[in-house]
Amino acid sequence: MSTAGTAVPDLLGLVAFGELLAFERMAADARLAPDLRRRVELDQMAAAEIDNYRRLADRLAALGVPPEEAMAPYVRPLQAYHDSTEPRDWAEVVTKAYVGDAITDDFIREIGHALDGPDRALVLDVLHDSRYAEFAAAEIRLAVADDPRVAGRLSMWARRLVGEALSQAGRVAAERAPLTALITQAERIDVPELFARLTAAHTARMAAVGLNN
């Protein structure tokens, strides 16, 4: 079996647990929304996350791998990230969605491109769509427009988010050899080069909403 083939359950387990946590987090964070329109928007996004989890769990079951077994190695690092980056208000909720989720998606996308056929399509399809990022970006711009002083606080919050996300992603890459093999096989790069690309994308994302890197 190819390296990509042996790593498929590892990657699906990582993405599946990420989707499960995203559902739980969004459903809880929706209570911080300043109005019902925004609350409904986030709850709808949470519903999409649990649908994505179900698709991934079904694929793992079809491969003969219990979903909970595939997800188990990722519980500690992903839960640690979310536990250490609990938002305090709506502005921090949407910044976490825009910055933290996006850099995680970038990391998964890099690995997912190395897969073949339906597994590649599935992984890339369940990543957050542009509507999600556009909603979060619009909310950040609105918060900054309402009070320009918020930009400094959210910039610091975003730096903390990306630091925590890259730290946990580095731990995952170091501990899960099949995933690291997928990265290097697909792009012929080393892990530090990957993280340099993730950081560059993050910098551009911050500038797009008026935050300082």
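The structure under discussion appears in the preceding block.
Residues numbered from 1 in each chain as written. Predicted model: local features only at pLDDT ≥ 70, side-chain atom pairs only at ≥ 80, totals over all residues. Heavy atoms only, no water.

1. Points about the pattern of salt bridges
Counted according to the given criterion, the structure contains 15 salt bridges. Measuring nitrogen to oxygen at the nearest pair gives 2.7 Å for the salt bridge that ties Asp-119 to Arg-59. Pair noted here: Asp-119 is in helix α6 (residues 117–126) and Arg-59 is in helix α2 (residues 36–62), with a separation of 60 residues, a long-range link. When its relative accessible area of 9% is taken as the criterion, Asp-119 is described as buried. Note on Arg-59: relative accessible area 27%, which makes it partly exposed. A salt bridge links Glu-92 to Arg-153; the nearest nitrogen and oxygen atoms lie 3.0 Å apart. Taken together, the residues span a long stretch of sequence, with Glu-92 in helix α5 (residues 90–112) and Arg-153 in helix α8 (residues 150–175) at a distance of 61 residues. Each member of the salt-bridge network shares a partner with another, and the members are Asp-35, Arg-37, Arg-38 and Glu-139. (Salt bridge = Lys/Arg side-chain N within 4 Å of Asp/Glu carboxyl O. Helix = DSSP H or I, 4+ residues; strand = E, 2+ residues; numbered from the N terminus. Buried < 20%, exposed > 50% of the residue type's maximum accessible area, 1.4 Å probe, protein only.)

2. A closer look at the packing of α5 against α8
Across the interface, α5 lies against α8 with an axial gap of 9 Å and an inter-helix angle of 30°. Here α5 is positioned roughly parallel relative to α8, judged by the angle of their axes. Crossing handedness for the pair α5 and α8: right-handed. Residues Ala-91, Glu-92, Thr-95, Lys-96, Val-99, Ile-103 and Phe-107 of α5 lie in contact with α8, whose contacting residues are Arg-153, Leu-154, Trp-157, Ala-158, Leu-161, Val-162, Ala-165, Leu-166, Ala-169 and Ala-173. (Axes fitted to C-alpha atoms, helices over the stretch in contact; angles between N-to-C directions. Parallel < 35°, antiparallel > 145°, perpendicular 65-115°, else oblique. Left-handed = near helix turned anticlockwise from the far one by under 90°. Contact = heavy atoms within 4.5 Å.)

3. Quick look at helix α4 (residues 75–84)
Among the residues of α4, Pro-77, Leu-78, Tyr-81 and His-82 are the ones counted as buried. The arc enclosing the buried residues of α4, seen along the axis, measures out at 130°, which places them on a common side. (Arc of directions from axis to C-beta.)

4. Let's talk about the environment of Arg-120
Here Arg-120 shows up in helix α6. A sequence separation of 112 residues divides Arg-120 from Val-8, and the C-alpha atoms of the two residues are 9.2 Å apart.

5. Focus: empty space enclosed by the protein
All chains considered together, the criterion is met by 2 cavities of 30 Å³ or more. Put simply, the largest cavity is a space of about 390 Å³. The wall of the largest cavity is formed by 25 residues, among which Gly-18, Leu-78, Thr-104, Asp-105 and Ile-108 lie closest to the centre. When residues of the lining of the largest cavity are traced back to their parent elements, those giving at least two are α1 (3–29), α4, α5, α8 and α10 (191–208). For the second largest cavity, the calculated volume is near 30 Å³. Lining the second largest cavity we find Arg-25, Met-26, Asp-29, Leu-42, Val-93, Ala-97 and Tyr-132. For the lining of the second largest cavity, the elements supplying multiple residues, two or more each, are α1 and α5. Considering every element that reaches the lining of the second largest cavity, the biggest residue donor is α1, with 3 residues. (1 Å grid on protein atoms, 1.4 Å probe; cavity = no way out; pocket = protein on both sides within 12 Å on 5 of 7 lines; lining within 4 Å. Points joined across faces, edges and corners; volume = space filled by probe spheres on them.)

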